[in-house]
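# Architecture at a glance
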Amino acid sequence: MLSKLKSFAFFALLALQTAVVYAQKPSFEIKAPNLVAVGEIFRVEFVTDTEPRNFLQPTLDEGIDIIAGPTPSTSKNVTIVGGNVETNSRYSYTYVLQC
């Protein structure tokens, strides 16, 4: 099962094509449980700080079913301290899966 999750993460990473940002390196994170039981429903979230150009759904191995998703989410944060403005963005795609 862990190899299937790694395979899913690899293909999702390839599918999440991010724009090039010159001011900072884009970050990418995958949030998922380390271990799931057969039949268990779990979430996998792909998060980046750079707006994705295209998100292509990855091909899943047999035995992993998509219950919901991808569900896109965007959040933006603006902080002003002493006249300095800092903006942060977060883009994510969440899947609810069952193995």
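Every value quoted in this text rests on a predicted model; they were computed, and no experiment measured them. (Residues numbered from 1 in each chain as written. Predicted model: local features only at pLDDT ≥ 70, side-chain atom pairs only at ≥ 80, totals over all residues. Heavy atoms only, no water.)

This part covers the overall build of the protein chain. Scanning the protein chain for helices and strands turns up 1 helix and 6 strands. Along its sequence from the N terminus, the protein chain presents helices and strands in the succession α-β-β-β-β-β-β. Sequence-distant contacts in the protein chain: of pairs separated by 6 or more residues, those separated by 24 or more amount to 68%. With an accessible surface of roughly 6,600 Å², the protein chain has 53% of that area assigned to carbon and sulfur atoms. (Helix = DSSP H or I, 4+ residues; strand = E, 2+ residues; numbered from the N terminus. Contact = heavy atoms within 4.5 Å. Areas by Shrake-Rupley, 256 points an atom, 1.4 Å probe, with all protein chains shown as cover.)

So, about the confidence of the model for the protein chain. Per-residue pLDDT for the protein chain has a mean of 79; in total, 76% of the residues score no lower than 70. Low pLDDT, under 50, characterises residues 13-22; the stretch is placed with 23 contacts to residues that sit more than four places away or in other chains. (pLDDT = per-residue confidence, 0-100.)

Next up on the list: the packing of aromatic side chains. Under the criterion given, the structure shown has 2 aromatic pairs. Aromatic side chains Phe28 and Phe46 sit 6.4 Å apart centroid to centroid with 25° between the ring planes, which places their arrangement in the stacked category. Of this pair, Phe28 sits in strand E2 (residues 28-31) while Phe46 sits in strand E3 (residues 41-48), and the two are 18 residues apart along the sequence. Residue class for Phe46 comes out buried when judged on its relative accessible area of 0%. With a centroid separation of 6.1 Å and an interplanar angle of 85°, the aromatic rings of Phe46 and Tyr95 are classed as edge-to-face. (Phe/Tyr/Trp six-rings, centres within 6.5 Å; stacked < 30°, edge-to-face > 60°. Buried < 20%, exposed > 50% of the residue type's maximum accessible area, 1.4 Å probe, protein only.)

Spatial strand order, E2-E3-E6-E5: 4 strands in an open sheet with antiparallel pairing. Two strands bound the open sheet, and with one partner strand each, they are E2 and strand E5 (65-81). Neighbour to neighbour, the strand axes of the sheet diverge by 15° on average, direction disregarded. Pairing geometry for E2 and E3, over 4 bridges, is antiparallel. Residue Glu29 lies in a different strand from E3, and its bridge partner there is Val47. (Pairing = 2+ DSSP bridges. Axes fitted to C-alpha atoms, helices over the stretch in contact; angles between N-to-C directions.)

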